[in-house]
2 protein chains.
Amino acid sequence: MDKLAVVALGGNALLRGDEKGTIEQQEKNAADTLENLIFLLKDGYNLVITHGNGPQVGNILMRNDAGEAMYNIAQMPLNVCVADSQGGIGYMIDRMLRNVLNKHGIEKNIITMMTMVEVNENDDAFSNPTKRVGKIYTKEEAEKLENEKGWQFKSSPKKDGGYRRVVPSPVPYNVFNKDIIEKLAREGNIVVAVGGGGVPVYHDQNNDVRTVDAVIDKDLASAVLGTAINADELYILTDVPFIYKDFGTPEQEKLEFLDRADTLKHLEKGTFAEGSMAPKIRACLKFVEGGGQKSVITEATKLEDKSYGSKITMNYED
Amino acid sequence: MDKLAVVALGGNALLRGDEKGTIEQQEKNAADTLENLIFLLKDGYNLVITHGNGPQVGNILMRNDAGEAMYNIAQMPLNVCVADSQGGIGYMIDRMLRNVLNKHGIEKNIITMMTMVEVNENDDAFSNPTKRVGKIYTKEEAEKLENEKGWQFKSSPKKDGGYRRVVPSPVPYNVFNKDIIEKLAREGNIVVAVGGGGVPVYHDQNNDVRTVDAVIDKDLASAVLGTAINADELYILTDVPFIYKDFGTPEQEKLEFLDRADTLKHLEKGTFAEGSMAPKIRACLKFVEGGGQKSVITEATKLEDKSYGSKITMNYED
């Protein structure tokens, strides 16, 4: 049986922080990133692609705000904005990947599915929003919006990185339609799913599906999906080729192989930055703890060379 | 084998022209409409649900406009806005339908797919935009936006109905992933597809998938999908229980059964309003000409009683 991999693309695989995010920029970024998935396809992997939506859903939220202010159009809540972003980003990935496959003479169906992901309605995250979405603001702008809209802001983990809006990010534990996603992917179709971490939902006491206003971490959602569909490998593609200890300091040290015990030790010591690398590493750990063979964190462009990237496994000998 | 039906919901199944379109209103409208699909499910139909996006994509376009004006966020082109609307509307239909099924104790998967639909890049529609999207404006507002943004407007077919923005609406002729949609639906899953008529695309000379800024008529797209997946019946749900001759005049006459010859005669004579009933009837005709058994135009609430609704077939004896 072909290996099944979940590949998680950052929201910035399309919309980069240093660009305005025009459609031309987003399409070029998507095509450049997706080009690298050819290496996995040529190795015979079946693929499920997931993606973030941090920059995009932040923009959609702000467009909703501006649309009401300028044109009196009812604002949609965050859960609908997440669903919107699944449509728009999923479509861009889907269409650009079709063209990458066409260039390489690979024939595969691509299926982009709107995906809901279950969370606990009483998750602690609802009283402690941590997920950064949307634009970077100055302190003054952030304070103004905090007063005007009741939005919550946190300063960037980077020095002089400004302020960004934060929303709750509850822990995902189940993916709707997981069996269908697995079946379609194992039949050789490329499935795009849990976009933006999935639209967060829960079942109420009547078993009705209710929603909450939150953004699920796309890496955690990808790990939950990977476990649910019995994927062999999880790839989290980001903007560094490896995980580092003491990243950005003179003592920076590449961590190429990590087993569960080491990973836990590093997480406990706070080796990795919260809000950037730490949640990715927790997602990697969750995936291998759930039965996945290995998790890999690297840059998309490094997929060509399997010696690149940091690998997290349960035990070194795996 | 169970019968397969395509059921097309108007964009106004969620967002009605006489409401602001808050999330509470949209969810209630969706649930009320979807409740009626139970009659088809209890009759043993497999279902593919399609939906319009006229009001929604108009709102998304305006939010994009406002977002750039207020926050300098890059505007997304219409094709991405259509994809956004597939995500948001598809999600609302999907979630509300899960709750309707739950209420009735019916267990079925619901799969909402982002769908691209092929058009001809040289379609006449690109030089003659006719599809109404978004808000209703006064003449003065429309003229202002026409000057400021280069948008095109047409007056409403209804008396004193104001002005709405118009965009090209090219003819659809193929639906991406049609085989997968058919397979999933025939396996008993409910598939939500070609939302908003689908994201319009075409293949260029290199066989790359390119896009155009347009909104495909959701009824025509539903007919093309119906033919492509060998559906038996097409239901176009709208806000009248029947088709009428001379609608809204003292001579108004209900048309309950129409064969191909009669339908063509009526279309030629201009019996049906362009921009409202005429395109629905053309879609119905296209579906039966493509091999479909019958097309039905009615209100959602009338699905309970099969004697309701106007039926279009190739020949009366069908």
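Our subject is the structure listed above.
Attention here is on the structure that accompanies the text. (Residues numbered from 1 in each chain as written. Chains lettered and ligands numbered in written order. Predicted model: local features only at pLDDT ≥ 70, side-chain atom pairs only at ≥ 80, totals over all residues. Heavy atoms only, no water.)

1. Re the overall build of chain A
At step 1: Counting secondary structure elements, chain A contains 9 helices and 17 strands.
At step 2: By the compact-globule yardstick of 20 Å for 318 residues, chain A fits well, its C-alpha radius of gyration being 19 Å.
At step 3: For chain A, the spread of C-alpha atoms along the principal axes amounts to about 55 × 45 × 45 Å.
At step 4: When burial is assessed residue by residue, chain A has 61% of its 318 residues classed as buried.
At step 5: Taking all contacts inside chain A whose residues are at least 6 apart in sequence as the whole, residues at least 24 apart take part in 75%.
At step 6: Summing over all exposed atoms, chain A offers an accessible surface of approximately 12,900 Å²; the carbon and sulfur share of this is 45%.
At step 7: Looking at charge distribution, chain A has the averaged site of its 38 positive side-chain charges lying 3 Å from that of its 48 negative ones. (Helix = DSSP H or I, 4+ residues; strand = E, 2+ residues; numbered from the N terminus. Rg over C-alpha atoms; globule rule 2.2 N^0.38 Å. Buried < 20%, exposed > 50% of the residue type's maximum accessible area, 1.4 Å probe, protein only. Contact = heavy atoms within 4.5 Å. Areas by Shrake-Rupley, 256 points an atom, 1.4 Å probe, with all protein chains shown as cover. Lys, Arg positive; Asp, Glu negative; His and termini not counted. Charge placed at Lys NZ, Arg CZ, Asp CG, Glu CD.)

2. What about the relation of the copies chain B and chain A?
At step 1: Turning chain B through 180° and shifting it by 0.0 Å along the axis lays it on chain A, with an RMSD of 0.1 Å. These values place the two chain copies in the arrangement generated by a two-fold rotation axis.
At step 2: Taken as a fraction of all interface residues of chain B, those also at the interface in chain A reach 100%, which identifies the copy contact as same-surface. (Least-squares fit on C-alpha atoms with pLDDT ≥ 70 in both.)

3. As for the nonpolar core
At step 1: Judged by nonpolar contacts, the single largest core of 92 residues is most densely connected at A:Val48, A:Met113, A:Ile181, A:Ile243, B:Val48, B:Ile181 and B:Ile243.
At step 2: Apart from the residues within four sequence positions on either side, B:Val48 is in contact with B:Leu4, B:Ala5, B:Val6, B:Val7, B:Ile181, B:Ala185, B:Val191, B:Ala193, B:Leu225 and B:Ile229. (Core = buried A, V, L, I, M, F, W, Y, C linked by side-chain atoms within 4.5 Å.)

4. A word on the interface of chain B and chain A
Note on interface size: it is often stated as the accessible area lost on association of the parts.
At step 1: Between chain B and chain A, the contact holds 61 residues from the first and 61 residues from the second.
At step 2: When the two sides are added together, the surface that chain B and chain A hide from each other amounts to roughly 5,000 Å², 60% of it contributed by carbon and sulfur.
At step 3: Among the residues of chain B in contact with chain A, B:Arg63, B:Tyr71 and B:Tyr91 are the three that bury the most area, contributing 16% of the side total.
At step 4: If you look at where chain B meets chain A, you find 4 salt bridges.
At step 5: Taking the shortest distance from any N to any O, the salt bridge between B:Lys20 and A:Glu68 comes out at 2.7 Å.
At step 6: Only α1 (23-35), α3 (54-71), α4 (78-103), β3 (110-112), α5 (139-149), α6 (178-186), β10 (199-203) and β11 (209-211) of chain B provide two or more residues apiece to the side of chain B that touches chain A.
At step 7: The element contributing the most residues to the side of chain B that touches chain A is α4(B), with 14 residues. (Buried area = accessible area lost by both parts, 1.4 Å probe. Salt bridge = Lys/Arg side-chain N within 4 Å of Asp/Glu carboxyl O.)

5. With respect to the side chain of A:Lys280
At step 1: Within the secondary structure layout, A:Lys280 lies in helix α9 (residues 277-289).
At step 2: The contacts of A:Lys280, once residues within four sequence positions are left out, are A:Lys218, A:Asp219, A:Ile236, A:Thr238 and A:Ile297.

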